[in-house]
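If you want the building blocks of each chain, they are given just below.
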Amino acid sequence: MYDEESNYCETLITPMIPRSVHVASVAYVVLTVLCVIAALLVTWWALIIAVLSLVLRWKTLQLTTTEYEYQFWGRQLDVEAIERNDKRRPLATFRLDDVECMAREDAPEIRAYRSVLGGERTAYMDLTDRNPLGMPVYLMFVRDDVLREVRLQPSREMLRKMWQAAPGAIHIPEELQAEAAEEV
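Description of the structure in this document. (Residues numbered from 1 in each chain as written. Predicted model: local features only at pLDDT ≥ 70, side-chain atom pairs only at ≥ 80, totals over all residues. Heavy atoms only, no water.)

Time to look at the nonpolar core. Ranked by size, the top nonpolar core spans 31 residues in total, and within it Tyr 70, Leu 77, Phe 94, Met 102, Met 140 and Ile 170 carry the most contacts. When residues in this core are grouped by element, the largest group, 5 residues, is from helix α4 (residues 156-165). Residues within four places of Met 140 in sequence aside, it is in contact with Leu 77, Phe 94, Val 99, Cys 101, Met 102, Arg 148, Glu 149, Val 150 and Leu 152. Of all hydrophobic cores here, the second largest spans 9 residues; its members include Ala 103, Ile 110, Leu 139 and Phe 141. (Core = buried A, V, L, I, M, F, W, Y, C linked by side-chain atoms within 4.5 Å. Buried < 20%, exposed > 50% of the residue type's maximum accessible area, 1.4 Å probe, protein only. Helix = DSSP H or I, 4+ residues; strand = E, 2+ residues; numbered from the N terminus. Contact = heavy atoms within 4.5 Å.)

With that out of the way, let us pick up the sheet that holds strand β5 (residues 99-104). In a beta sheet, neighbouring strands are held together by backbone hydrogen bonds and run either parallel or antiparallel to one another. The strand order across the open sheet formed by 4 strands is β5-β7-β8-β6, and the pairing between neighbours is mixed. On the outer flanks of this sheet lie β5 and β6 (123-126), each paired with one strand and no other. Shown here is a sheet whose adjacent strand axes are inclined to one another by a mean of 15°, direction ignored. Alignment of strand β7 (residues 138-143) against strand β8 (residues 147-152), held across 6 bridges, turns out to be antiparallel. Counted as the bridge partner of Leu 139 is Arg 151 from β8. Across the face of the sheet, helix α3 (residues 108-117) comes into contact with β5, β7 and β8 while running at roughly 35° to β7. (Pairing = 2+ DSSP bridges. Axes fitted to C-alpha atoms, helices over the stretch in contact; angles between N-to-C directions.)

On to unusual backbone geometry, then. Of note in the backbone geometry, Arg 130 takes a positive phi value of approximately 55° without being a glycine. Tracing the chain through its elements places Arg 130 in the loop between β6 and β7. Since its relative accessible area comes to 44%, Arg 130 is described here as partly exposed.

A few words now on the side chain of Asp 78. You can see Asp 78 is positioned in strand β3 (residues 76-83). It is Arg 95 that comes nearest to the buried, bridge-free Asp 78 among opposite-charge side chains, at 9.8 Å. Reaching out from Asp 78, the side chain makes a polar contact with the side chain of Trp 73 at a distance of 2.8 Å. Here Asp 78 is in contact with Glu 69, Tyr 70, Gln 71, Trp 73, Ala 92 and Thr 93, once residues within four sequence places are set aside. (Lys, Arg positive; Asp, Glu negative; His and termini not counted. Salt bridge = Lys/Arg side-chain N within 4 Å of Asp/Glu carboxyl O. Polar contact = N/O pair within 3.5 Å; in protein donor to acceptor, adjacent residues only side chain to side chain.)

Following this line, the structure appears as structure tokens:
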């Protein structure tokens, strides 16, 4: 028997670092190497610039380290951003009662739902790792004050628990449905 009190599940998503941050990081390393060479050949003052560029590289990487944590419990999905491995910031809370449709982004259910929308404007949220080779991406359409299109990457366990809580709105692959039926 499905029990909403014991369906807690969480997933941690680590987005890929943007390309511009990689370029800046490499530029800081190149600047450091050039300054160390200049310090050896010309003047020791270049070492100060080398140390500063290493500190700037470290700060840049620290500022772009953000993870998303999905927490599903009861009939809601909470999403928090974890910045620099310590600071938590709530991003959104989605109640399953407000979810109109959720399925893989390439599923026929999503195409059918979009055709029903007929061009209605949606607010867009991307809460994925933006890695094309990562976990499958699911689209969730939530209508609270506005219609939101949310991109998520829930774990298999979370998908099963969400489907058990709202089987009419959540569309998951058949093998996950079979696993969820075995759990009950």
